[in-house]
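Chain residues, written in single-letter form:
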Amino acid sequence: MSDEKNIDTTPVQPIPDKVIDSPQTRTDDQPDSLKPAHTANVGTWRELTSDALEPVRIAERKGMFGARSQDTTGYGGVVQPVLFPGASPRPYGSYFDEVADRLGQALGTAEGPSFDTAVERVVVDRGELTLFVRREHLPAVARAMRDVPELRFEMCLGVSGVHFPEQDGRELHAVYHLMSITHGSRRVRLEVTAPDADPHIPSIVSTYPGIDWHERETWDMFGIVFDGHPALTRILMPDDWPGHPQRKDYPLGGIPVEYKGGTVPPPDERRAYS
């Protein structure tokens, strides 16, 4: 008697996944591929002038390394402009068109500014999206970025200050970094400018409470006044410290850093929010 078993050698025909899968059971290595592609709203595209597309001159660097001390390298006569990217034309690519369109729809239906009124320039550079927002419309833009379901930028990771003393009328910049957890860690940057002569920008703590201390630090270091902040006081420097140390016109050296005779008040007398 033979020990060999009868084995069916008929080849099995595989069933395509799309036949047995359903929208409820299907899985995909790239979840974004299951979402319908967003079609950019061509009707809302802003016509850009040639001047708007040109790089923005921020400052001028002199010497080899920008040093203002006595130059012994032989490159003291080198003069280089500091250029930032100009406005970007549509389409922006990636999810940037969808963000711009959804924000435009939200601002257009609410009792507030239109997209073209609130956003003065859109820059896409090195794979990042920056919306240059006019300061008086920052609160409306921030609320839309947080609350609109198609945007849902729930997190503001912080606000950074920048000082460009040679950019007349736009010397102070506040840069907000937003992230959407709902939509797969999308990131957008909001940038707002203010002149040295009027360094006021509306606070958005009421929309993003987590940046309370970030706005305080930006005020402390750069002197940007965030109107409406619940307690805009020093956070790194002593309350009586003169000036704002990270401004480029702040004097370097000759400042004492050792504090003598300092006292710590009892807990019930310390400064607190009211």
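Since the model is a prediction, treat every value here as computed from it, not as a measurement.

Q: How would you sum up the pattern of salt bridges? Please name residues and give values.
A: Under the defined criterion, the tally for this structure stands at 13 salt bridges. When the shortest N-O distance is used, the salt bridge between D101 and R90 registers 3.1 Å. A residue pair is termed long-range when its members are at least 10 positions apart, and D101 in helix α3 (residues 96-109) and R90 in the loop between β2 (79-84) and α3 qualify at eleven residues. The pair formed by D101 and R90 is uniform in burial state, with each residue classed as buried.

Q: So, helix α6 (residues 212-222): which residues are in play, and what are the values?
A: Among the residues making up α6, those that are buried are D212, E215, R216, T218, D220, M221 and F222. Considering only its buried residues, α6 is in contact with β5 (155-163), β6 (172-180) and β9 (225-227). G223 occupies a position one or two residues after α6 and carries a positive phi of about 85 degrees.

Q: Quick one: what's the story with the pairing of β6, residue by residue and with numbers?
A: Remark: a regular strand shows side chains that alternate across the two faces of the sheet. Across the nine residues of β6, eight count as buried, placing the element largely inside the fold. Summarising the sheet, β5 and β6 pair through eight bridges and their orientation is antiparallel. Residue pairing in the sheet places S160 in a bridge with V175 of β6. Bridge count between β6 and strand β7 (residues 186-194): nine bridges; the pairing is antiparallel. Counterpart to H177 in the pairing with β7 is R189. In sequence, β6 turns back onto β7 through a hairpin of five residues, with G184 there showing a positive phi of about 70 degrees.

Q: Give a description of the nonpolar core that names residues and reports values.
A: Core analysis: the largest hydrophobic core is formed by 45 residues, its most contacted members being L103, L131, M145, Y176, L190, I201 and Y208. Of the residues forming this core, the biggest block, six residues, is contributed by α3. Sequence-distant contacts of Y208, defined by excluding residues within four places in its chain, comprise A142, M145, R146, F153, E154, M155, C156 and L178.

Q: Residue-level account of the packing of aromatic side chains, with values.
A: Counted under the stated rule, the structure contains two aromatic pairs. With centroids separated by 5.5 Å and ring planes inclined at 85 degrees, the aromatic side chains of F84 and F164 adopt a geometry described as edge-to-face. Of the two residues, F84 is situated in strand β2 and F164 in the loop between β5 and β6; the sequence distance between them amounts to 80 residues. Of the residues examined, F84 reaches a relative accessible area of 32% and is grouped as partly exposed. On the basis of relative accessible area, F164 is assigned to the buried category, the value being 10%. Ring geometry for Y95 and F96: centres 4.8 Å apart, planes at 80 degrees, overall edge-to-face. Looking at F96, the relative accessible area reads 5%, which means it is buried. Between R121 and the ring centre of F132, over which it is positioned, the NZ or CZ distance is 4.0 Å.

Q: Describe the environment of R146, listing the residues and the values that go with them.
A: When you line up the elements, R146 lands in helix α5 (residues 138-147). Between the C-alpha atoms of R146 and Y208, which are 62 residues apart in sequence, the distance is 8.6 Å. Residues contacting R146, with those up to four places away along its chain left out, are R152, F153, S206, T207 and Y208.

Q: Tell me what's going on with the sheet that holds β6, and back it up with residues and numbers.
A: Ordered by their spatial adjacency, five strands build an open sheet running β3-β4-β7-β6-β5, and the pairing between neighbours is mixed. Looking at strand neighbours, the two that pair on one side only are β3 (119-125) and β5, the edges of this open sheet. The average angle at which neighbouring strand axes cross in this sheet is 20 degrees, direction not considered. Of the strands in this sheet, β4 (128-133), β6 and β7 are in contact with α5, which crosses β7 at around 175 degrees. Each of β5 and β6 is contacted by α6, which is oriented at about 5 degrees to β5, the strand it contacts most.

Q: Lay out the packing of α3 against α5 in plain terms, naming residues and giving numbers.
A: It is at 10 Å that the axes of α3 and α5 come closest, and there the two elements cross at 115 degrees. The handedness of the crossing between α3 and α5 comes out as right-handed. Residues V99, L103, A106 and L107 of α3 pack against A140, V141, A144 and M145 of α5. Its residues assigned to classes, the contact of α3 with α5 shows eight nonpolar, no polar and no charged.

Q: Help me get a handle on unusual backbone geometry, residues and values and all.
A: Backbone torsion omega between R90 and P91 reads -5 degrees, so that peptide bond is classified as cis. With respect to the secondary-structure elements, P91 resides in the loop between β2 and α3. Even without glycine at this site, R126 takes up a positive phi of about 55 degrees. Its place among the elements puts R126 in the loop between β3 and β4. One non-glycine residue with positive phi stands out, namely S185, at about 65 degrees.

Criteria and thresholds
- Residues numbered from 1 in each chain as written.
- Predicted model: local features only at pLDDT ≥ 70, side-chain atom pairs only at ≥ 80, totals over all residues.
- Heavy atoms only, no water.
- Salt bridge = Lys/Arg side-chain N within 4 Å of Asp/Glu carboxyl O.
- Helix = DSSP H or I, 4+ residues; strand = E, 2+ residues; numbered from the N terminus.
- Buried < 20%, exposed > 50% of the residue type's maximum accessible area, 1.4 Å probe, protein only.
- Contact = heavy atoms within 4.5 Å.
- Pairing = 2+ DSSP bridges.
- Core = buried A, V, L, I, M, F, W, Y, C linked by side-chain atoms within 4.5 Å.
- Phe/Tyr/Trp six-rings, centres within 6.5 Å; stacked < 30°, edge-to-face > 60°.
- Lys NZ or Arg CZ within 6 Å of the ring centre and 35° of its normal.
- Axes fitted to C-alpha atoms, helices over the stretch in contact; angles between N-to-C directions.
- Left-handed = near helix turned anticlockwise from the far one by under 90°.
- Nonpolar A, V, L, I, M, F, W, Y, C, P; charged D, E, K, R; others polar.

Without other data, these values stay purely geometric and don't point to any function.
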